[in-house]
Structures are given as C-alpha cells and as structure tokens.
Amino acid sequence: MAGSEGKKTFDHKDFLEKASSRPGVYDMRDQNGKTLYIGKAKNLKNRLSSYFRATGLTTKTMALVSKIADIQLTITNTETEALLLEQNLIKDRKPPYNILLRDDKSYPYIYISADSDFPRMDSCRGRKRQKGHYYGPYPSGVAVRDSLHLLQKIFKIRQCSDSYFRNRTRPCLQYQIDRCKAPCVGLVTEDEYQQDIVDTQQFLEGKNQQLIRSLIKRMETAAEALDFEEAAATRDKINHLRAIQEQQSVTKAAGDIDVIGFAQLAGNTCFDVLFIRSGRVLGHKYYFPDFKLEAEPADYLEDFMAQFYVRLFGSRDLPDEIVVPVELAGANTIEDAITAVSGKKIKIKCKVRSDRHDWLTLANKNAQQNLESHLASKSHMTKRYAQLNELLRIENPILRMECFDISHTMGEATVASCVVFGPEGPVSSEYRRFNISGIAPGDDYAAMAVALDKRYRKLAEAPEGEGLKPDLVIIDGGKGQLGMASEVIERLKLPIPLLGVAKGVTRKPGLETLIYQGKELNPEGSEAALLLIQQIRDEAHRFAITGHRQRRQKARNRSVLEDIPGIGSKRRSALLKFFGGRDGVINATIEEIKKVEGISLRLAQQIHEYLHND
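Residues numbered from 1 in each chain as written. Predicted model: local features only at pLDDT ≥ 70, side-chain atom pairs only at ≥ 80, totals over all residues. Heavy atoms only, no water.

Enquirer: Would you take a moment to explain the packing of helix 5 (residues 141-155) against helix 8 (residues 190-204) for this structure?
Expert: Axis angle and axis distance: for two packed helices, these are the angle between their axes and the distance between the axes, and together they describe the pair. Running from N to C, helix 5 and helix 8 cross one another at 140°; their axes reach a closest spacing of 11 Å. Between helix 5 and helix 8, the angle falls in the class oblique. Here helix 5 and helix 8 pass one another in a crossing that is right-handed. Here L150, L151 and F155 of helix 5 lie close against helix 8, whose contacting residues are D196, D199, T200, F203 and L204. Of the residues assigned to the contact of helix 5 with helix 8, the class counts are 5 nonpolar, 1 polar and 2 charged. (Axes fitted to C-alpha atoms, helices over the stretch in contact; angles between N-to-C directions. Helix = DSSP H or I, 4+ residues; strand = E, 2+ residues; numbered from the N terminus. Parallel < 35°, antiparallel > 145°, perpendicular 65-115°, else oblique. Left-handed = near helix turned anticlockwise from the far one by under 90°. Contact = heavy atoms within 4.5 Å. Nonpolar A, V, L, I, M, F, W, Y, C, P; charged D, E, K, R; others polar.)

Below, the structure written as structure tokens:
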C-alpha cells in the first residue's frame, strides 16, 4: 500500500513521480479521509496522470479532482485481480463518484419440484434450496406469472402447495376451469402426469420443435386408436405451441445469452439487458446508472458489466455468452474476473451476425426508448413539483415529500405507511411502515399521531442539520387526521408544512379536497400538481394496505400451540405430525398427547388444560 500525506493542496506532480506503473487499484480521498472514487488500472501511473492533464478534462472530472486530498494505491499482480478488488471496495465503501447498482438477489425462476409423484410448478426467488428443476432467470415477477399462466393452460400442471394438495377430497376450481387434471383425487394417472411434466420441461428448455413432433406422433396414435377426445386435446396443445412460436421474435439459436443494449441522451445513460435462455427471449430489464464522471461509452459499459456480473455475482445465473454493442478493451479482463468468481467461462462478443445481431438491435432500441421515456417522466415530474410549489405558495423548492396513510380491518392489525417522493418520483428505499398498537381499535386519529411521533421524534431530537426533514408532509385524511398531525408536529417543534387530502363528496379520483393551513384549496388550473398529490397518496395507500394484509395474515396463521409455555418449535412440530394438524391436537386426550415423543405426563396435562381452558 502506498499513498501521500493529506494536504490542503494535493501535490499531484510529486505523487505521480512515485506512482507505480503496475496494475492495481486507486482510492481517491477527500480532506476528511473519506473515499471519493475507486478505480482500477492496468498501468496506475498512466491512468492517474489522465486526471491531472492541463486540458481536456470534463466539468465532472474537474469537480472530483478539486476535492482530492490523498490517493491510496494497492498494487495487484494482474488487471483481473485489480478488477475484483475494485468491486469489493466499491461494495464496501460506496464511494459517491462510483455507480452502485442495486443488488437484485431475488431474480425469479420457474420451479418444478422433484420430491413427489405429482410434482408441482411454482415461481421462486433467492437461493435454490428445494430439490427440483429451475428455469430462468426471468427479468420480473410479471414475466414469471405470465409464463406460469400459459403453462397451466397448455399442460395443466398443478401449482398448489403440497399441504393443500395432500388434503383435497374433491377437485378444486382449477380443475373445473380446465387448468389442472386433479391429481389430488386420482383423476389422472401418474404416467400421464409425468408425461405432462416432461413436455413442460422441454418447452422451458426451448425444445419446441422436438416437443411438437412428439405431440404429433401422440395425436396420430390416439386417432388410430379411435381416442378422438385425446387426439383433439393433443391437437389443441400443438396449436397453442405453434402460436407461441410465432410470437417469439427468435427461436432458432440455442444457448444462454445476455444481450446488452446501450443508449445515451442529454448526459443520461441506459443499459437494457435482454435475457435469452435456451434460445427463448425471456424478457429484458433496464438500468439507469448515475455516472458521476464523463467517459466513453465503452468505459461506461465496462463499469456496468463489472458490477452486474462480478460484484453482484450470486444474484443471477450467468449466461454462456454476452453480446455487447461496442468493442471493449477490457473484455478479456472481465471474462477472467467472471471466471474467477463463478468458475464458469463466458465469452464477450461485439461483432455479431444473424440472430445475435437482431437481438442486439432490439436491445439498443429498448434502451433508447426506455431512456426517452425516463427523461420525459423526469420532465413531467419537474413540472408537477413546480406547480405544487406555486399552488401552496411555498418559497423554497419542494425536494422531499412524505405521505402517511393508515390501514386496518375493523381495527385489526393497524399499520401506518410513510412513503417518500423526491424530485424524480418515489424513493422506495426510504419507505417505512409502523405497526400501531396501544390504541382503541379503529381510531385513525390516534394511529396517525403514533405514526408521526415514531417518524419525527428522533428528527426533532437530532442536532440542527442532521436527519432528513421533508419539505412537505401529506396526510391522507380530512380535517380530523390533519388536526391530529398538526398537534404532533407542533409538540415536536418541527416547522414542516402539512397538506391534508380528503376524499371529495363523490369519492372519485381527481375530485379530492385539499386542506392547507386550515383552508380548502381550489386546485383548478393546477392539474399537474394534483396528479402528483394523487400519485403519492395512492402509493401511500398501496404500501399501507400491503403491510396491513401481511400483518393480518401473519396473525391469522399463528398457531395456538405457539402460546403454550414449554412448547418450542420441535415439540410443536412433533405434535402436529403425530395428530395430523391443529384440530387433532385439540381433540386429543391427555393419554394420547403423552404418547408423542418428548411429551411427559405433566406437559401433556399442561397442553390439554391450556387448549380447553374456557
């Protein structure tokens, strides 16, 4: 490790004279020793010299250089080692001038179980803990749900949980609407069901032509045996599969490939990653990384790929090949780094033809379209904020809004939500939920007071300038909720404007009543501001309802056995397995309970007494 002493003026000439020409990582720090930017280089001296040129530096780079008080160097044996170290340091220190992609550890997959005579099909995220076959990754949960819906329609594989499947005594609704063959009650043989599983797997592996040929043979065999009903059902499957083939833009090429599209406009950048698995386009996902330093497209792409495939390895299955829109000088380094972290060899290609060229064109078009939509959305959001400032006559620009809402069912499982909007829209990482207790059931006023106190008490007690103080707080409710919120804010001595949003007489969107500083506002002519208020109010409502449902379901799923003293998870599991469920435990006698392994006579009496204590 080498570096220079922290000084008010960084002596770059003296530093560069001593800098190594070997591969390594550089850590630029400010006057307080905090990391500003971390980078890697094949030749540290040459790379660092480029920051201190007399001419040719961009405004953003000059801003970074002006803050440098020290540069720490770490020498590595190879450029690949430098890239791996760079990504680890970026993840650990989160420098403000580096991009930092969100760690998507939950890419969805389609899962087919392998521990049952009648396997189930489902979606799953995270680690592949369960025994079975996984297909994906898919770019979003919507893509998985659409695929599951299609597969259920064609192959009729069950998607219910194993416990639901084991306890059925008659076919469910899925059988009635022809989406399942009811293996739970023996309406399909094991051989027939296993054939449907094989067909589904072939489809998910992209072997459509092979599957269609197999189905044609089965249709002809059924027709020859005069089983016209089976032949017609097989014919319908073939027609469905052929229709899907026509909708797929590309099905000829095999293999697992990621295709990265790129677009740049008005200082903003978009990457669109097209996921192709077994020759099928599963979908795409786009990213808008915020590059703090200006560079060439190839440099941006290398930074993006280093984080997407190296730092975030483990959150996705790696492809066999990556197609990129521009030549990368560091392609071999990225390939070696991916191999180092995953053990898998991949190939990065730029000049491609045929199907891959079509995919790349599609990815570039997606990137361009998404970037244009993103910029248009930002422009509209700026106009909405400006109009809201004008409507409320707030002098300083509104840069942060927080909106509160309350959700419960007849007073049960009350949850308050707090959603945050910034200049570009929702800031979901700063959303908060508050579980409300200790109030009268259904008392929305008290619930709002508790939520606001929980959110702003620490802010009120923090030193001046610390904490994130909103420029406007929106309360989803009428004068009652707004009055309670005003009392809390005044008690905490926080000078935050409050805006109440009450449903109008017709309770229709766009006809809400706005209450500000004790008066009702007339939003006529401020439609853009009203749309922004509706957006944040609806988001708070959605976030509160989701939290409430989760809390309510958790409470309802709680076992009565969890409250019995002396009964832990192992004994509870033993009881449920022995008696086949909660009702069996409740109906059991003391003598029967005593037969369970690990349950003494005294504990059996205690369990029986607890369950039958009126």
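Enquirer: For this particular structure, what's the right way to read the packing of helix 14 (residues 444-461) against helix 15 (residues 479-491)?
Expert: Contact geometry for helix 14 and helix 15: axes closest at 9 Å, N-to-C directions at 30°. Judged by the angle between their axes, helix 14 and helix 15 are roughly parallel. Viewed along their axes, helix 14 and helix 15 form a crossing whose handedness is right-handed. Note on element contacts: helix 15 touches helix 14 through G480, Q481, M484, A485, V488, I489 and R491, opposite D444, Y445, M448, A449, L452, D453, Y456 and R457. Among the residues forming the contact of helix 14 with helix 15, the class breakdown is 9 nonpolar, 2 polar and 4 charged.

Enquirer: Would you explain the pairing of strand 12 (residues 401-409) in this entry?
Expert: As a general feature of sheets, a regular strand has side chains that alternate between the two faces. Within strand 12, 7 of the 9 residues are buried, which leaves the element mostly enclosed by the surrounding structure. As paired strands, strand 12 and strand 13 (residues 412-422) are joined by 8 bridges and run antiparallel to one another. Paired with C403 across the bridge in strand 13 is V419. Two successive antiparallel strands, strand 12 and strand 13, enclose a turn made up of 2 residues, where M410 displays a positive phi of approximately 50°. Note: strand 12 against strand 16 (residues 472-476), 4 bridges, orientation parallel. Across the sheet, the residue bridging to C403 is I474, located in strand 16. (Buried < 20%, exposed > 50% of the residue type's maximum accessible area, 1.4 Å probe, protein only. Pairing = 2+ DSSP bridges.)

Enquirer: Help me understand the sheet that holds strand 4 (residues 109-113), please; the structure alone is not making it clear to me.
Expert: Here we have 3 strands laid out as an open sheet, ordered 5-4-6, and antiparallel in their pairing. Whereas interior strands pair on both sides, the edge strands pair on one side only; in this sheet they are strand 5 (121-124) and strand 6 (132-135). Strand-to-strand twist in this sheet, taken as the mean axis angle between neighbours without regard to direction, amounts to 30°. Bridge count between strand 4 and strand 6: 4 bridges; the pairing is antiparallel. Within strand 6, the position partnered with Y111 by the bridge is Y134. Most of the contacts of helix 5 go to strand 5, to which it runs at about 175°, and overall it touches strand 4 and strand 5. The strands that helix 8 touches are strand 4, strand 5 and strand 6; relative to strand 4, the one it contacts most, it runs at about 155°.

Enquirer: Please explain the sheet that holds strand 1 (residues 24-29) as it appears in this structure.
Expert: Working definition: the strands of a sheet are paired by backbone hydrogen bonds and lie parallel or antiparallel to each other. Taken in spatial order, the 3 strands make up an open sheet running 2-1-3, and their pairing is antiparallel. Two strands in the sheet have a free side with no partner beyond their single neighbour: strand 2 (35-41) and strand 3 (70-75). If you compare each strand with its neighbour and ignore which way they point, the axes differ by 15° on average. Both strand 1 and strand 2 contribute to a ladder of 6 bridges, which runs antiparallel. Bridge assignment links M28 to a residue of strand 2, and that residue is Y37.

Enquirer: Even after reading the chapter, I still don't get the pairing of strand 1, so can you show me in this structure?
Expert: Most of strand 1 sits out of view: 5 of its 6 residues are buried. Between strand 1 and the antiparallel strand that follows it, strand 2, lie 5 residues; G33 among them carries a positive phi value of about 85°. Relative to strand 3, strand 1 runs antiparallel, the two being bridged by 6 bridges. Across the sheet, residue R29 finds its bridge partner in strand 3, namely D70.

Enquirer: Explain helix 5 to me, please; I cannot follow it from the model alone.
Expert: The periodicity of an α-helix, 3.6 residues per turn, causes residues three or four places apart in sequence to face the same way. Helix length check: helix 5 (15 residues) gives 21 Å between terminal C-alpha atoms against 21 Å at 1.5 Å per residue, within 8%. What helix 5 keeps buried is the set G141, A143, V144, S147, L148, L151, Q152, I154 and F155. The buried side chains of helix 5 occupy one side of the element, clustering within an arc of 165° when seen end-on. Those residues of helix 5 that are exposed and aimed more than 90 degrees away from the buried face are R145 and D146. K156 lies just past helix 5 and shows a positive phi near 60°. (Expected span 1.5 Å × (residues − 1). Arc of directions from axis to C-beta.)

Enquirer: What should I look at first to understand helix 9 (residues 208-224) in this one?
Expert: Compared with an ideal rise of 1.5 Å per residue, which puts 17 residues at 24 Å, helix 9 spans 24 Å between its outermost C-alpha atoms and is within 8% of the ideal. Among all positions of helix 9, only N208, L211, I212, L215 and A222 are buried. All buried residues of helix 9 fall inside an arc of 95° around its axis, so they share one side. For helix 9, exposure combined with an orientation more than 90 degrees from the buried face picks out R213, K217, T221 and E224. In the stretch just after helix 9, L226 is the one whose phi turns positive, near 65°.

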